[in-house]
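Chains, contacts and geometry: an overview
Residues per chain are reported as follows:
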Amino acid sequence: MTHLSSYPWHICGVGAIGSLWASALIERGVPVTLLLKDTVQLEQYTGAGGINVWDQECNTHTQPVAFIPSNLTPSNSNLTKIKHLLVCCKAQDTLAAILPWRKIIADDAIIILLQNGMGSAQALQRRLPKANIYCAISTDGAWRKGPFDVVRAGFGDTLIGCFSEHLLSTQIPSPIQSLLTCQNNPAQASIPSVDLVWHTDIRTPMWHKLAINSVINALTAIYQCTNGELVNHPQGRPRLQQLCLETQDVMSRLGIEPMGQGLLNTAVRILQQTALNKSSMLQDVQAGCATEIESINGYIIAQGALYYLPCAGHKQVCEDLRRICAS
Ligand code: KPL
């Protein structure tokens, strides 16, 4: 197997999507190092014996090397400088997940943020001003059966483009170019794939995804309903309509290209296409995990505030969700 780069891709945030990417990259000969949170997660990793990805009938087992921040001792020469970093944790956890590794992150590291929500790239760039930050959004689906044991739930694609202002949107750095090309090897067609596509204006699809998440996720979590049930939900449907108007208003003030079919039509189509699914936020609430509400609806509210838009519907869903999570 050819190694496409001598520097590993370090992966921070090894949940469902991080595990899927780790597995797909290793199977394509790209070296991977996992950056785990703490000893508890390291023990889970050791207990699982590596990463398992279930993709229809096919099971892939990989065992990338893994570290935790307390491995950062001067004598640990196994831990190389981080030049390529893929971040798959929740947007609100980004700084807490990355900063413990700061000492060994190269100033000009290539950092890809593959997350829902917005705001984390700006916060990270403030802390690491010379870092070359790229953002990626994905329609891949995966869920965790257990720690490092992941089921692929659907094939989507992943768009990637430049975030840092000092980067040229048409210039693909070679480590990312390697990721774009390594997936097109027909000899490896049967192993878990990730379909990565370069986008010269990533802000537009990021906003479109944020818009969809902002009108669907919180409402399904509040009403504890599947995506399909939200379409004609007696209380949910009028709120969905209001959220769509508010989000569209914020997008138009920011000069973001509107969605071709309009936000409400697009949201209803996605709800119908994924009718039996539970949104990621409903899954988080049911699992007792922190939600992404701050980096989704909270981000819309903050952007709206720049233009004195009240975003009352978004504020109400944030409040309702906080109450539900506290109860
Ligand atoms: O992305 C989603 C999620 O659940 O996070 C969908 C299915 C589009 C709902 O917003």
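Up top is the structure.
This write-up is about the structure you can find in this document. (Residues numbered from 1 in each chain as written. Predicted model: local features only at pLDDT ≥ 70, side-chain atom pairs only at ≥ 80, totals over all residues. Heavy atoms only, no water.)

**Focus: the overall build of the protein chain**
Convention followed: Helix and strand assignments come from DSSP, with helices taken as H or I runs of at least 4 residues and strands as E runs of at least 2, each series counted from the N terminus. Only the C-alpha atoms count toward the radius of gyration. The rule for a globule is 2.2 Å times the residue count to the power 0.38. The buried label goes to any residue with under 20% of its type's maximum accessible area, the exposed label to any with over 50%, and the partly exposed label to all in between, with areas taken from a 1.4 Å probe on protein chains only. Two residues form a contact once any of their heavy atoms are found within 4.5 Å.
Summing up its helical and strand segments, the protein chain has twelve helices and twelve strands in all. Computed over its C-alpha atoms, the radius of gyration of the protein chain comes to 20 Å, within 12% of the 20 Å expected for a compact globule of 327 residues. Viewed in the frame of its principal axes, the protein chain has a C-alpha envelope of about 60 × 45 × 40 Å. Put simply, the protein chain has 327 residues, and 55% of those count as buried. The long-range fraction of contacts in the protein chain, counting pairs at least 24 apart against all pairs at least 6 apart in sequence, stands at 70%.

**Things to note about the packing of helix 11 (residues 293–305) against helix 12 (residues 312–326)**
Two measures define how a pair of helices packs: the angle their axes make with one another and the distance between the axes. What counts here: All axes here are fitted lines through C-alpha atoms, helices being fitted over the stretch that makes contact, and every angle between N-to-C directions spans 0 to 180 degrees. Oblique is the label for every angle not falling under 35 degrees (roughly parallel), over 145 degrees (roughly antiparallel), or within 65 to 115 degrees (roughly perpendicular). In this scheme the crossing of two helices becomes right-handed for a clockwise turn of the near helix relative to the far one and left-handed for an anticlockwise turn of less than a right angle. Throughout, the ten residues Ala, Val, Leu, Ile, Met, Phe, Trp, Tyr, Cys and Pro are labelled nonpolar, Asp, Glu, Lys and Arg are labelled charged, and all others, Gly among them, are labelled polar.
One way to put it is that helix 11 packs onto helix 12 with a least axis distance of 9 Å and a crossing angle of 150 degrees. Between helix 11 and helix 12, the crossing angle belongs to the class labelled roughly antiparallel. For the element pair helix 11 and helix 12, the recorded crossing hand is left-handed. Between helix 11 and helix 12, the contacting residues are Ile 293, Glu 294, Asn 297, Gly 298, Ile 300 and Ile 301 on the first element and His 314, Lys 315, Val 317, Cys 318, Leu 321 and Arg 322 on the second. Residues belonging to the contact of helix 11 with helix 12 are distributed by class as follows: six nonpolar, three polar and three charged.

**Focus on the pairing of strand 11 (residues 158–162)**
Heads up, the rule is: Strands are labelled as partners when DSSP assigns at least two bridges between them.
Most of strand 11 sits inside the fold, with five of its five residues counted as buried. Judged from the five bridges that link them, strand 8 (residues 132–138) and strand 11 form a sheet pairing that is antiparallel. Of the residues in strand 11, the one forming a bridge with Cys 135 is Gly 161. Pairing analysis gives three bridges linking strand 11 to strand 12 (residues 196–198), with the strands arranged parallel.

**Examining the pairing of strand 9 (residues 141–146)**
Two strands pair when backbone bridges link them, and strand 9 and strand 10 (residues 149–154) are joined in this way by five bridges, in the antiparallel orientation. Residue pairing across strands places Gly 141 opposite Gly 154, the latter belonging to strand 10. Linking strand 9 to strand 10, which pair antiparallel, is a turn of two residues; within it Phe 148 sits at a positive phi near 60 degrees.

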